[in-house]
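# Geometric and topological summary
Spelled out from the first residue to the last, the chains are:
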Amino acid sequence: MGYSSHFKCLAAGTALLVLLTGCGASPQQAATSTGTPVETQTVTRSNIATHNQLSGKVVPRNAVSIFAPQESDVLTVHVEVGDQVTTGQTLVTLDSSSIQREIEQVQGERSRTAALYDEQISLAQQQLENTQTLMEEKVRQAKQDWDNTQKLHEQGAASDLELDQAESTYSEAQLNADESINSARVSVSQLQTEKTNQLSTYDKTLADLADNQADQSIKATVSGTVTEVNVVKGGKASVQTA
């Protein structure tokens, strides 16, 4: 508005000056006439700036929440709201003593599980040995009965039916022995496989805990400005509150 007002005043003054100059009868009269004072002002080209005041909250375009690898006590908080951080920078140092306790607990569970399976496997192996001894004795006895029946049959003291029955009994004894021994072997193998799988699970858990213990800290995953810190020294940092 200031620019247009100044421009209007300048135009009106110019028109009046021309009018007064054109109405003079003679140079003498023009010199003695009382004129109307005219003020002029220099106008320059510029931009009209508009300022608006608004209420609101400034929020980041992209926000990233960073959590602790697992629940742990906070030893040190290295940043404050407004700090600039870079990727990989340590934000919070955590206490690893709780992880050490968890490692010891898992190690104890692993040892107890291994001992329990060792006991079960030992019993299963003993059962296998007993089964082998029993079945081999049954097969040996059936074979001996068949051999004796063959001799008696050659002497005419045993019939064809008795010979066939003795041979059938021997064959059944062999079949039963194979099935019983194989079943006992499968039991031992299953227990050994279960033990391996269970201990592998414990070993993986221990490896993960060792990795967490090696670097007990919360690090920046991106570069940017810290807008919020939800942990304090001596407090708890968890996977949901860090």
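Here we come to helix 3 (residues 97–154). Under the 1.5 Å per step criterion, the end-to-end length of helix 3 is 85 Å for 58 residues, consistent within 8% with the ideal 86 Å. Just beyond helix 3, the residue with positive phi is glycine 156, at close to 85°.

With that settled, the discussion passes to the packing of helix 3 against helix 4 (residues 160–214). At their nearest, the axes of helix 3 and helix 4 sit 8 Å apart, and the two run at 170° to each other. By the angle between their axes, helix 3 is roughly antiparallel relative to helix 4. Among the residues forming the contact of helix 3 with helix 4, the class breakdown is 26 nonpolar, 19 polar and 14 charged.

A few words on the confidence of the model for the protein. For the protein, the average pLDDT comes to 82, and 81% of its residues sit at 70 or higher. With pLDDT under 50 throughout, residues 1–31 is counted as low confidence; its partners more than four residues away or in other chains account for ten contacts.

Here we take up the environment of threonine 113. The residue threonine 113 is located in helix 3 in this model. Judged by relative accessible area, threonine 113 falls into the buried class, the value being 15%. It is 7.9 Å that separates the C-alpha atoms of threonine 113 and glutamine 198, two residues lying 85 residues apart in sequence. What threonine 113 contacts, discounting residues up to four positions off in sequence, is Gln198 and Tyr202.

Turning to the pairing of strand 3 (residues 90–94), a few remarks are in order. As judged from the three bridges shared by strand 1 (residues 72–77) and strand 3, these two strands associate in the antiparallel manner. Bridge pairing in strand 3 links valine 77 to valine 92. Across three bridges, the pairing between strand 3 and strand 4 (residues 217–219) is antiparallel. Bridge assignment links threonine 90 to a residue of strand 4, and that residue is lysine 219.

The rules we used
- Residues numbered from 1 in each chain as written.
- Predicted model: local features only at pLDDT ≥ 70, side-chain atom pairs only at ≥ 80, totals over all residues.
- Heavy atoms only, no water.
- Helix = DSSP H or I, 4+ residues; strand = E, 2+ residues; numbered from the N terminus.
- Expected span 1.5 Å × (residues − 1).
- Axes fitted to C-alpha atoms, helices over the stretch in contact; angles between N-to-C directions.
- Parallel < 35°, antiparallel > 145°, perpendicular 65-115°, else oblique.
- Nonpolar A, V, L, I, M, F, W, Y, C, P; charged D, E, K, R; others polar.
- pLDDT = per-residue confidence, 0-100.
- Contact = heavy atoms within 4.5 Å.
- Buried < 20%, exposed > 50% of the residue type's maximum accessible area, 1.4 Å probe, protein only.
- Pairing = 2+ DSSP bridges.

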